[in-house]
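# Observations on chain architecture
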Amino acid sequence: MTIDAPAPEAAPQPQPTPPARRYLWPALVAAWAVLLIGLAIWSARNDPPSLRDQTTAASAKATIDEVVGKVTAGVPAGATIQDKGYAEKACSLSAARDGVSLVRTLTVSGPVGDESAMIATLAAALPDAVTRPADGPKEGFYYDAGNYVAVRGKITAEGTVAVDLSSGCRVP
């Protein structure tokens, strides 16, 4: 007796993909790319610099000039102020880019023995300035002026306080 093998079944034919599904992934990828490009352009125009290297020396000078105005307004009565102007120094931003560092020094002179009070008065003219030491007679202060500009004041001699405003290395 012979047994015949069952007849082979025909393999199911693949169903064609509907046109809407065929274009779904490319459309999603294109929409994602457009969104990323739009956010990058918006961010480049609206976000503040996140590194000092992304700012210019001109913007640092504007910030320093603003702080000099505040310090000058806060000079105690009977004291004189001498502005030594900007000292520019070449620096290296990276191996391929050179930059410039700015420092402006103000010297405040007053009566001998009033240095600590002068430090306290100058620091009071700058919001959020930190004096040192926190308790007792003041020897100096620090203030973050924003735009990566540091302000430091210290007693340099009898009756004299120096206030240094420095920008760090920036694009010229």
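Here, the structure is the one placed above.
Residues numbered from 1 in each chain as written. Predicted model: local features only at pLDDT ≥ 70, side-chain atom pairs only at ≥ 80, totals over all residues. Heavy atoms only, no water.

## Let's talk about the sheet that holds strand 6 (residues 160-170)
Strand order in the open sheet made by the 6 strands is 1-2-6-5-4-3, with antiparallel pairing throughout. Of all the strands in the sheet, the pair left with one neighbour each is strand 1 (80-92) and strand 3 (130-132). For this sheet, the mean inter-axis angle between neighbouring strands, taken without regard to orientation, is 20°. Relative to strand 6, strand 2 (residues 98-109) runs antiparallel, the two sharing 10 bridges. Bridge pairing in strand 6 places Val 108 opposite Val 161. The sheet strands contacting helix 3 (residues 57-73) are strand 1, strand 2, strand 4 (140-146), strand 5 (149-157) and strand 6, and the helix crosses strand 2 at an angle near 10°. (Pairing = 2+ DSSP bridges. Helix = DSSP H or I, 4+ residues; strand = E, 2+ residues; numbered from the N terminus. Axes fitted to C-alpha atoms, helices over the stretch in contact; angles between N-to-C directions. Contact = heavy atoms within 4.5 Å.)

## Considering helix 4 (residues 115-124)
Along helix 4, the residues that are buried comprise Glu 115, Met 118, Ile 119, Leu 122 and Ala 123. Down the axis of helix 4, the smallest arc covering the buried residues is 130°, so these residues share one side. Where helix 4 is buried, its residues touch helix 3, strand 2, strand 3, strand 4, strand 5 and strand 6. (Buried < 20%, exposed > 50% of the residue type's maximum accessible area, 1.4 Å probe, protein only. Arc of directions from axis to C-beta.)

## Describing unusual backbone geometry
Residue Pro 133 is bonded to the preceding Arg 132 through a cis peptide linkage, with omega at -15°. Tracing the backbone through its elements, the reader meets Pro 133 in the loop between strand 3 and strand 4. With phi around 65°, Asp 128 is a residue other than glycine that occupies positive phi space. Among the secondary structure elements, Asp 128 is positioned in the loop between helix 4 and strand 3. One non-glycine residue, Asn 147, lies in positive phi territory at about 55°. With respect to the element layout, Asn 147 can be found in the loop between strand 4 and strand 5. Of the residues examined, Asn 147 reaches a relative accessible area of 26% and is grouped as partly exposed.

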